[in-house]
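# Structural features, examined
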Amino acid sequence: MSGSHEYQAISRRQMVGLLAAAGLAGCTPARILLQAYPEPFKQDDDLNERILGAFADTIVPGAGDPDRNVLRVYRDEFYPFAKYHRYFASDLCRRAGYVCDTEDFDRLPRKERERVIAEALSSDATSRKLYSGAIMLTQVAFYAGIYDDRRGCSDIGFEGEYQFRGLDAFTYPNPERFLATPMTASGHPL
């Protein structure tokens, strides 16, 4: 063989393996396992934060606000979702590309973002699990105030950590009105 390139023969088994891997890269579990999604999502935390913030805001209006501390739940190693948050952000953009003709999920109007999420929820079983889990995690983080016990969630009247407000806060101003009229032993009112 002349030249500087030397080619190695690929066996039939190796070729079948390569074709299978290429075919599997099109399905959700394989894309997750092989990390077959664009590099920016693997490295750019600000990009992921923007996309996940738009997702949170779509699920619960106001949840994407950084002051709410909800976005932290996606990266929290305590929850299994943390392993998938980068893939999830890339998948939102990928789906936005073919549902809405733009991969800028975070720039879509709310109704369009809802369409993208609805499409994912009607997709394959792995996508349904991933999206359902992300929705539930968003709602728990927002409504339960898991990162700020004192704050609670004023949107649903959850005041957060108990704070003593004095006896008047949990007693009646005139408790005698709830008592029976006192009677003598013979049955006459006092």
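Quick look at the structure, then. (Residues numbered from 1 in each chain as written. Predicted model: local features only at pLDDT ≥ 70, side-chain atom pairs only at ≥ 80, totals over all residues. Heavy atoms only, no water.)

Attention now moves to the packing of helix H4 (residues 45-59) against helix H7 (residues 110-121). Following both chains from N to C, one finds H4 and H7 inclined at 95°, their axes separated by 10 Å at the closest point. Viewed along their axes, H4 and H7 adopt a mutual orientation that is roughly perpendicular. Contacts between H4 and H7 involve Ala 54, Phe 55, Asp 57, Thr 58 and Ile 59 on the former and, on the latter, Arg 110, Arg 113, Glu 114 and Ile 117. Each residue belonging to the contact of H4 with H7 can be placed in one class, and the counts come to four nonpolar, one polar and four charged. (Axes fitted to C-alpha atoms, helices over the stretch in contact; angles between N-to-C directions. Helix = DSSP H or I, 4+ residues; strand = E, 2+ residues; numbered from the N terminus. Parallel < 35°, antiparallel > 145°, perpendicular 65-115°, else oblique. Contact = heavy atoms within 4.5 Å. Nonpolar A, V, L, I, M, F, W, Y, C, P; charged D, E, K, R; others polar.)

What follows concerns the packing of aromatic side chains. All told, the structure shown has eight aromatic pairs when counted by the stated rule. An angle of 55° between the planes, with centres 4.6 Å apart, marks the rings of Phe 88 and Tyr 131 as tilted. Of this pair, Phe 88 sits in helix H6 (residues 85-100) while Tyr 131 sits in helix H8 (residues 125-143), and the two are 43 residues apart along the sequence. Between the aromatic rings of Tyr 172 and Phe 178, the centroid separation amounts to 4.7 Å while the plane-to-plane angle is 50°, which identifies the pairing as tilted. An aromatic cluster of three or more residues is present, and its members are Phe 55, Tyr 74, Phe 81, Phe 88 and Tyr 131. (Phe/Tyr/Trp six-rings, centres within 6.5 Å; stacked < 30°, edge-to-face > 60°.)

A few words now on the nonpolar core. Counting 35 residues, the largest nonpolar core has Phe 55, Tyr 74, Phe 88, Leu 92, Phe 105 and Ile 117 as its most contacted members. Of all the secondary structure elements, the ones that give two or more residues to this core are H4, helix H5 (72-75), H6, H7 and H8. Broken down by element, the residue count for this core peaks at eight residues, all from H6. (Core = buried A, V, L, I, M, F, W, Y, C linked by side-chain atoms within 4.5 Å. Buried < 20%, exposed > 50% of the residue type's maximum accessible area, 1.4 Å probe, protein only.)

What follows covers the pattern of salt bridges. Under the criterion given, the structure shown has eleven salt bridges. The shortest N-O distance in the salt bridge between Arg 95 and Glu 119 comes to 2.8 Å. Here the residue Arg 95 occupies a position in helix H6, and Glu 119 occupies one in helix H7, the gap between them amounting to 24 residues. Classification of Glu 119 by relative accessible area gives partly exposed; the value is 22%. (Salt bridge = Lys/Arg side-chain N within 4 Å of Asp/Glu carboxyl O.)

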